[in-house]
There are 2 protein chains.
Amino acid sequence: MSGEDAPAQQQNAVDQKQETKPSEEPKTEPPKTESPPAAAAEAAATPAATTEKVPEEETFTYRALVLTGYGGYDKVKLQVKKGKPTLKAGEVLVRVKACGLNFADLMARQGLYDRLPSPPVTPGMECSGVVEAVGEEVTDRKVGDKVMVLNRFGLWQEVAVVPANHTFLIPEGMSFEEAAALPVNYITAYMMLFDFGNLRPNQSVLVHAAAGGVGIAATQLCKTVKDVTVFGTASASKHETITQGGVTHAIDYRTKDYVEEVRKISPKGMDIILDPLGGSDTHKAYNLLKPMGKLITYGAANMLAGQKKNLLAVAKNWYHQFSIHTLSLIQGNKSVCGFHLGYLDGETELITEAMNTILDFYKDGKIKPRIDSTWHLEQVGDAMRKMQERNNIGKVILTTEPMPEEEKKEETKKEDKKEDKKKEDKKKDDKKKDDAKKDEKKDEKKEEKKDDKKDDKKDDKKKEEPKKEEKKEEEKKEEPKKEEK
Amino acid sequence: MSGEDAPAQQQNAVDQKQETKPSEEPKTEPPKTESPPAAAAEAAATPAATTEKVPEEETFTYRALVLTGYGGYDKVKLQVKKGKPTLKAGEVLVRVKACGLNFADLMARQGLYDRLPSPPVTPGMECSGVVEAVGEEVTDRKVGDKVMVLNRFGLWQEVAVVPANHTFLIPEGMSFEEAAALPVNYITAYMMLFDFGNLRPNQSVLVHAAAGGVGIAATQLCKTVKDVTVFGTASASKHETITQGGVTHAIDYRTKDYVEEVRKISPKGMDIILDPLGGSDTHKAYNLLKPMGKLITYGAANMLAGQKKNLLAVAKNWYHQFSIHTLSLIQGNKSVCGFHLGYLDGETELITEAMNTILDFYKDGKIKPRIDSTWHLEQVGDAMRKMQERNNIGKVILTTEPMPEEEKKEETKKEDKKEDKKKEDKKKDDKKKDDAKKDEKKDEKKEEKKDDKKDDKKDDKKKEEPKKEEKKEEEKKEEPKKEEK
């Protein structure tokens, strides 16, 4: 697919630069040479303008997040790239405003996602922004178009070159943040529910991680069909939000056996189960299916234990990986499907069709991406952490807006704390490894839940989330009110 | 499910009778005591009338096919049962006119279908007839209603007791034969294509055994959706018929590699594949799927080699049985489904819904069951043989009409020949066993095809099909003409 070439090309343009910057701790620091402290306030007001005024090929610079190697959160570093990328036929250059974080990005950081080329590489499968230049043969996009972008990788940077048919016009009234939150989660949820799932009125759907990006999208999409019952798993603190969002029965998977809970309410089981977990949870899902039921597995979140690759967790997931014989499918009248948007990048037509329907739903007010929090590029580590530790409700977003100077100072103070955090992470990872070892020996299931619970309590103690986020939350609360009018 | 009780009950009523009749060769002989040769012509004209005139409980008799043990065609024997079955609440008694043969019946005869209780037992999953009595609480069926019936087993007899909700009213203009041909094949094809398959305009479907009952039903149902391309496999002699029936690309699987043929026309593969074969063909099907493609497997016809259970064929099928890991499904964006109507007998609502849509299609002239041939109960062995040897185009039907006396004499003459046939069968089975052994050693595929071809040529030599069938064929040719008016 031609889309794959684009970021690789950009990569080539700056490889030299990257390789000269393998330093360990520049992570959250702004590119000081480009925007010196004195000019920072101005730069914040007109972020892209400064570079746009000097469009010379040589002086063109932009910030980019780069995965420098597999490992923890600090492996994604903010770097400055030089040289304006050239456009091939059919491509557009997008000035990126916001980027979406996805589970695949977390897997990729640990080296568990084979659709991302080897480091150094810029991750990022979705973003929103403004078309700044169009290549030859591009007829349906023009400079100034607000677009959302879906690509295999390479979108976590200020400037991205992508095939025009990987962009979708942002409808009126949709913010850049919403636009960056929409493509991956909604296309994933849409294709699972309406293509593989064949969702129809009166059916029941089990949505795991119902407070996550896909979970919230799936819940909203379920609600576009008459009398669909949504069972959603999430930790108790998120139940109010997901219930308001459309989940019929919220289940706390950390304190209860979700299989039992589902059976209590729906003894025959489920028509559709969306499974992002993998491992033993896929087995449970299979057994929870009604006749003619569809199990759609779309991830292996259970593989992620701790911020670095946990070989035991990976091995365990492989060991418990679901494998099914056709005779069992026949006798059960069941369907098992696998979905991952990342492996569907050749299917432009299918994706465009899905996107068009999704945008119609948006225009009709039937769906609305929920933003959990927005982070500066400098804060990508914290953003990933929030998502990986399941503390988000909705989408975690990166903005390319430069960080205000005062926030930077805050960040610097926090740097000291980060060292402590790192130690804590280390402890936590070690603990997880121990847990994984324990689990291997024991007979999994309930034991796992209890361990999760312990981790959860730990999470509650860390109250280091940026203030900005809280502000955003308030803004969000106002937004729906406006919509209702 | 309550439906399971009905035939079992009937079974009890006549067990004694059956066990006194374990003779080896009464197969195609009519029940001489009940309809002596002298009265035969009359009986043929008013078949059911004779019994209906003497409805006393004790004198009530009816003919039934009984599987007396697992094995070859001669294991299904025609017996006479005594005693009128009693009705429980919700049940109806149906005077059976015609019965459908299905692949599951052939598997059952060899002991390969676990939904049929152990012999002695009356097989038969579908029939048509007239309601002769209704039990308590039956409100939507009355005496005289023409119905088609779907049941787990027990319908290959003149009288069947079934739950009323296993019956469906026969629409006007539909013959008893058509009605007996419809339930299993059309519900199977419908649920595979429209529930699991989620068939939509412009998609492509691969239908194996496109001249078989399900194959013809699936082709017709595909044609109810705009611009669907149907790839159908069948031996060359059947191509004209299936092409007229709606198959876009007919492929001779006996002389060509169907995978190659499909790829030539549709390099990206198929959206939906219906797989009744199992074994290595399921692997091929999986690899032939497009992204977002659905493989729906609904049988293991490859297990059937020869008329008796062929342990090597069964073992080979198991050995090659398709087993899939979820990570492979995820990376391929694929769906694997299993379907068998026999395991869906608790799902009355789903089945009724499907049936109603199918009957609407029938009324609109969009579908029409194609009858390959109709056989007397005495001829059940030949009927099964025709189907198992893949010599049918469309549905093989049994009629409960008594056999005219002259045909009986023909049958008796043929009995002698049958001994020869048996020997031939034995030889053929032995050959198949040898072939299976060879295949185990060799690298399957093309080798199999050639062997099939040899068998095929042999089949051509046997021209012992009843004349009646040819007559029927002529009738059928006239029928569509009438319809066209």
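Residues numbered from 1 in each chain as written. Chains lettered and ligands numbered in written order. Predicted model: local features only at pLDDT ≥ 70, side-chain atom pairs only at ≥ 80, totals over all residues. Heavy atoms only, no water.

Even after reading the chapter, I still don't get the pattern of salt bridges, so can you show me in this structure?
Pairing is possible between side chains that carry opposite charge, provided their charged atoms lie close to one another. Tallied over the entire structure, the rule returns 30 salt bridges over all chains. A salt bridge links K368(A) to E178(A); the nearest nitrogen and oxygen atoms lie 2.3 Å apart. Residue K368(A) is found in the loop between α13 (348–363) and β15 (371–376), and its partner E178(A) is found in helix α5 (residues 176–181); the two are separated by 190 residues along the sequence. Exposure remark for E178(A): the relative accessible area of 3% places this residue in the buried category. A salt bridge links E261(B) to K264(B); its shortest N-O distance comes to 3.0 Å. With E261(B) and K264(B) both in helix α9 (residues 258–265) and three residues apart, the pair spans about one turn of that helix. On the basis of relative accessibility, which here comes to 14%, the residue E261(B) falls in the buried class. Through salt bridges with shared partners, a single network forms among R63(A), E158(A) and E378(A). (Salt bridge = Lys/Arg side-chain N within 4 Å of Asp/Glu carboxyl O. Helix = DSSP H or I, 4+ residues; strand = E, 2+ residues; numbered from the N terminus. Buried < 20%, exposed > 50% of the residue type's maximum accessible area, 1.4 Å probe, protein only.)

For this particular structure, what's the right way to read the interface of chain A and chain B?
How big an interface is tends to be expressed through the accessible area that disappears when the partners come together. Each partner contributes residues to the interface: chain A has 40 residues there, and chain B has 40 residues. Both sides of the chain A and chain B interface together cover about 3500 Å² of buried area, and 56% of this is carbon and sulfur. On inspection of chain A and its partner chain B, the count reaches six salt bridges. One salt bridge connects D195(A) with K294(B), and the closest N-O pair in it is separated by 2.4 Å. (Contact = heavy atoms within 4.5 Å. Buried area = accessible area lost by both parts, 1.4 Å probe.)

Where do I start with helix α6 (residues 183–196) of chain B in this structure?
Residues and elements named next belong to chain B. In a regular helix each residue adds 1.5 Å, so 14 residues correspond to 20 Å; α6 covers 18 Å between its end C-alpha atoms and thus fits that length. Burial analysis of α6 places 14 of its 14 residues in the buried class, the great majority of the element. Within two residues after α6, N198 carries a phi angle of roughly 50 degrees, on the positive side. (Expected span 1.5 Å × (residues − 1).)

Help me out: how do you make sense of the relation of the copies chain A and chain B in this one?
Comparison of the two chain copies shows a relationship of rotation about an axis with a shift along it. The two copies are related by a screw operation: chain A maps onto chain B through 180 degrees of rotation and 0.0 Å of translation along the axis, at an RMSD of 0.0 Å. In symmetry terms, the pair is related by a two-fold rotation axis. Mapped onto chain B, 100% of the interface residues of chain A again fall at the interface, so both copies present the same surface. (Least-squares fit on C-alpha atoms with pLDDT ≥ 70 in both.)

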